Amino acid sequence: MTGPSGEAARPEHGNTVAASAVDTAAKLLRDRMPPDTRCLVDLVAAVIRDEVWVGPCLPLGDPSCTLRITAHAASAALRYAADAVPGVTAVSCRFAPADRAASTQVNLTLTAGLDRPLPETAELVRRSVVDTSHHVLGIVVTAVDIRVIDAHHPGM
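1. Overview of the overall build of the chain
What the chain contains, in helices and strands, is 4 helices and 5 strands. Going from N to C terminus, the chain has its helices and strands arranged as α-α-β-β-α-β-β-α-β. When each of the 156 residues of the chain is scored for burial, the buried share is 27%. Considering only contacts within the chain whose residues lie at least 6 apart along the sequence, 53% involve residues at least 24 apart. By element, 59% of the accessible surface of the chain is carried by carbon and sulfur atoms, the whole surface being about 10600 Å².

2. As for the pairing of strand β3 (residues 88-97)
Strand residues, when the strand is regular, have side chains that alternate between the two faces of the sheet. Across 9 bridges, the pairing between β3 and strand β4 (residues 104-113) is antiparallel. Bridge pairing in β4 places Ala96 opposite Gln105. Connecting the antiparallel pair β3 and β4 is a turn made up of 6 residues, with Ala102 showing a positive phi of about 60°.

3. Focus on the sheet that holds β3
Spatial ordering of the open sheet is given by β3-β4-β5, a layout of 3 strands whose pairing is mixed. Whereas interior strands pair on both sides, the edge strands pair on one side only; in this sheet they are β3 and β5 (141-152). Strand after strand, the sheet turns through a mean of 20° between neighbouring axes, direction not considered. Across 10 bridges, the pairing between β4 and β5 is parallel. Of the residues in β5, the one forming a bridge with Ala112 is Ala151. In this fold helix α4 (residues 118-137) packs onto β3, β4 and β5, with an angle of close to 135° to the strand it touches most, β4.

4. Concerning α4
With 20 residues, α4 extends 27 Å between its outermost C-alpha atoms, agreeing within 8% with the 28 Å of an ideal straight helix rising 1.5 Å per residue. Taken residue by residue, α4 has Thr121, Ala122, Val125, Ser128, Val129, Thr132, Ser133 and Leu137 as its buried positions. For α4, the angular spread of the buried residues around the axis is 130°, confining them to a single face. Looking at α4, the residues exposed on the side facing more than 90 degrees away from the buried face are Pro119, Arg127 and His135. Where the residues of α4 are buried, they touch β2 (68-70), α3 (71-83), β3, β4 and β5. Once α4 finishes, Gly138 follows within two positions and takes phi at roughly 85°, a positive value.

5. Concerning the side chain of Ser133
For Ser133, the position within the fold is in helix α4. When its relative accessible area of 1% is taken as the criterion, Ser133 is described as buried. One polar contact links the side chain of Ser133 to the main-chain carbonyl oxygen of Val130, over a distance of 2.9 Å. Residues within four places of Ser133 in sequence aside, it is in contact with Leu78, Gly138, Ile139 and Val141.

Rules used throughout
- Residues numbered from 1 in each chain as written.
- Predicted model: local features only at pLDDT ≥ 70, side-chain atom pairs only at ≥ 80, totals over all residues.
- Heavy atoms only, no water.
- Helix = DSSP H or I, 4+ residues; strand = E, 2+ residues; numbered from the N terminus.
- Buried < 20%, exposed > 50% of the residue type's maximum accessible area, 1.4 Å probe, protein only.
- Contact = heavy atoms within 4.5 Å.
- Areas by Shrake-Rupley, 256 points an atom, 1.4 Å probe, with all protein chains shown as cover.
- Pairing = 2+ DSSP bridges.
- Axes fitted to C-alpha atoms, helices over the stretch in contact; angles between N-to-C directions.
- Expected span 1.5 Å × (residues − 1).
- Arc of directions from axis to C-beta.
- Polar contact = N/O pair within 3.5 Å; in protein donor to acceptor, adjacent residues only side chain to side chain.

Structural data, given as C-alpha cells:
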C-alpha cells in the first residue's frame, strides 16, 4: 500500500529503530544498489539488540482495557506479597489467562514453614496476593494456584 506521495504507508506507531532500518534498506533497493550482505546482517543485529522486549503484559481491569502492566513487574509485586506471609518464600510467579476478559490467574511456587498447617498458610498467601493484585496493581485475579515445593521447620 502506498501513500499519496508514492512512498510506502506505515502504521502510526511512531518512528522506531526498526522502521528506520526498513527505510534504509528500502532506499538502498530503490537506488538499485545491491546491499552488502554483511552490512545487512549487522544492521538487522543492531535493530534486534536495540529493541526492548518487555515481555507479555497483563490488563489492569480498567473499563477501557488500555492500561497494562508487564508480567515481570506484576510478578515481582506478587512475590513480595507472598513473602510478606511469615515463613513463606516465593520462588516463582506466573500468569495464565482466565475465563473472563481482562482477568488473570496467578500460579505461585513457594516454600513454606511448618509453624502452621499448610492449608492455612496457603490461604494467607492467597489473601495477600489477591489484596496486592487488586488494591495495589489493579489486576483482576480470578484464582491463585499455589504449589509448595519445600516445607521447612520454623527457624530453619
